[in-house]
Amino acid sequence: MIIGIPREIMHGEARVAAGPEVVQKFVKDGFTVLVEKGAGNGALYHDEDYAKAGAEMLDGPKAIYDRAELILKVKEPLFNEELNMHEVDMMHKGQYLITFIHPASPINHDMVRKLAAQGVTGLTLDGIPRISRAQNMDALTSMSTCAGYKGILMAADDITKFMPQMFTAVGRIEPCKVMVIGVGVAGLQALATAKRLGAVTYAADIRPAAAEQASSLGAKVIDTGVPAELAIAPGGYANTLPADVLAKEREMLRETIQDMDIIFCSALIPGKIAPTIITEEMVKGMRRGSVIVDISIDQGGNCEITPAGTKEYKHGVLLEGIKNIPGMLPTSSTWMFAQNMYNLVSYLVKDGKMCLDFTDDITGSIVVTHEGEILHKGAREAMGMC
């Protein structure tokens, strides 16, 4: 089987789907690996290292998409402004794509439809279930670790105050108050990082076990008012809440949210649009100069008015909707991502052929498009196809 690794084209994205170490593993396993020249430069993985690992280096993405049977990417397919064409338009029928597609996010619906129309089998990394046998394939967890760490550093850089308490010759400066909404992998890393920087930390999660973990890190846990029986979905994930329960959660959190200097949003429901927890009215009530880092923006965002892919002030609050925070730690995040990708490909490919068992927990959770159809449940719901 021929694997293709194109250069990522999202603005500011320095990661690559596989480093030379993993390419060498693929080649040893019998794969032919095509790498676009310069694909790894941003992560400090250079062409000569790929060549030594056994990769065939090609100029430009078209040759990669033309020849490869399996495309490995970090981010979802995008419009290539340099070539004036969409990456999906370079793909062909019967080709496989593994990347973060985020198919339920409205901004990606047209791209998902294009994948289906092209006859591409799209497999999304954000669908990997958090079960023990899938841990070494779980790129979402790996990237969430990076996003939690870096996201707090971004907020600390943008806030106009000291993070820790400071005792000065002219008086005491109080520490920043930081709240994390959604205490999964990213949220826990965010809490730990904020704590190390000296902030006073708060946390909210509808899952009792997640709230307990936040408390163990020294955060004050804010009651969401959501009954445990409604909060937890299979696999320990957060559940989709009825509209009235979600509205009650917002009211329970409103006062604390509006007293914060920094809010880190990472509440997600796998394969579905992220719940809106912070409304525009709540933002209006926040302190001027406060910062919201909304890493759930790939799935729509936890704040109603977070700008997708950028950051801007609204109602005096800086809203950060940067979509590729792990790309700001390209060397570490690429290394982690590449190991996850290798393990997933090794799981799916048998005797040089892709073998998709749709009854399998892992495979069934990640297939988005196949043979011209959109199969992903969350995407179909978000598109109104169910």
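In what follows, the structure referred to is the one given above.
Below is a summary of the structure that appears in this document. (Residues numbered from 1 in each chain as written. Predicted model: local features only at pLDDT ≥ 70, side-chain atom pairs only at ≥ 80, totals over all residues. Heavy atoms only, no water.)

## So, helix α4 (residues 109-118)
- Taken as a whole, α4 has its buried residues at His-109, Met-111, Val-112, Leu-115 and Ala-116. Axial view of α4: buried residues confined to an arc of 165°, hence all on one face. Exposed and facing more than 90 degrees away from the buried side of α4 are Asp-110 and Ala-117.
- Contacts made by the buried residues of α4 are with β6 (85-86), β7 (96-99), β20 (367-370), β21 (373-374) and α13 (377-382).
- Among the residues trailing α4, Gly-119 stands out with phi positive, at a value near 80°. (Buried < 20%, exposed > 50% of the residue type's maximum accessible area, 1.4 Å probe, protein only. Helix = DSSP H or I, 4+ residues; strand = E, 2+ residues; numbered from the N terminus. Arc of directions from axis to C-beta. Contact = heavy atoms within 4.5 Å.)

## A short note on the side chain of Thr-369
- Tracing the backbone through its elements, the reader meets Thr-369 in strand β20.
- Within polar-contact distance, the side chain of Thr-369 engages the backbone oxygen of Val-120 at 2.8 Å.
- Only 3.0 Å separates the side chain of Thr-369 from the backbone nitrogen of Gly-122, close enough to count as a polar contact.
- If sequence neighbours within four positions are ignored, Thr-369 has contacts with Val-112, Leu-115, Ala-116, Val-120, Thr-121, Gly-122 and Ile-374. (Polar contact = N/O pair within 3.5 Å; in protein donor to acceptor, adjacent residues only side chain to side chain.)

## Describing the environment of Asp-59
- With respect to the helices, strands and loops of the structure, Asp-59 is situated in the loop between β3 (56-58) and α3 (61-67).
- Under the relative-accessibility criterion, Asp-59 is labelled exposed at 60%.
- Once the C-alpha coordinates of Asp-59 and Lys-37 are considered, the two residues, 22 residues apart in sequence, prove to be 5.7 Å apart.

## Points about the nonpolar core
- Judged by nonpolar contacts, the single largest core of 46 residues is most densely connected at Ile-5, Leu-72, Ile-98 and Val-345.
- In terms of residues, this core owes the most to one element, helix α11 (residues 330-348), which gives 7 residues.
- Once residues within four sequence positions are removed from consideration, Leu-72 is found in contact with Ile-3, Gly-4, Ile-5, Pro-6, Ala-17, Phe-26, Ile-98, Met-341 and Val-345. (Core = buried A, V, L, I, M, F, W, Y, C linked by side-chain atoms within 4.5 Å.)

## Notes on the sheet that holds β3
- Pairing is mixed in the open sheet, where 8 strands are placed in the order β3-β2-β1-β4-β7-β8-β20-β21. On the outer flanks of this sheet lie β3 and β21, each paired with one strand and no other.
- This element, helix α1 (residues 20-28), spans β1 (2-5), β2 (32-36) and β4 (70-72) of the sheet and lies at about 150° to β2. (Pairing = 2+ DSSP bridges. Axes fitted to C-alpha atoms, helices over the stretch in contact; angles between N-to-C directions.)

## Thoughts on unusual backbone geometry
- A positive phi angle is found at Leu-44, which is not glycine, with a value near 65°.
- The topology assignment puts Leu-44 in the loop between β2 and α2 (47-53).
- Given the relative accessible area of 58%, Leu-44 is considered exposed.
- Positive phi, close to 60°, is recorded for Asn-84, a residue that is not glycine.
- Mapped onto the secondary structure, Asn-84 falls in the loop between β5 (79-80) and β6.
- Overall, Asn-84 belongs to the exposed group, its relative accessible area being 59%.

## Focus on the packing of helix α5 (residues 139-158) against helix α6 (residues 185-196)
- Viewed as axis vectors pointing N to C, α5 and α6 meet at an angle of 30°, and their least axial separation amounts to 7 Å. The orientation of α5 with respect to α6, classified from their angle, is roughly parallel. At the point where α5 passes α6, the crossing takes the right-handed sense. Contacts from Thr-141, Ser-144, Thr-145, Gly-148, Tyr-149, Ile-152 and Leu-153 in α5 reach Val-185, Ala-186, Gln-189, Ala-190, Thr-193, Ala-194 and Arg-196 in α6.
- Here the residues of the contact of α5 with α6 sort into 7 nonpolar, 6 polar and 1 charged. (Parallel < 35°, antiparallel > 145°, perpendicular 65-115°, else oblique. Left-handed = near helix turned anticlockwise from the far one by under 90°. Nonpolar A, V, L, I, M, F, W, Y, C, P; charged D, E, K, R; others polar.)

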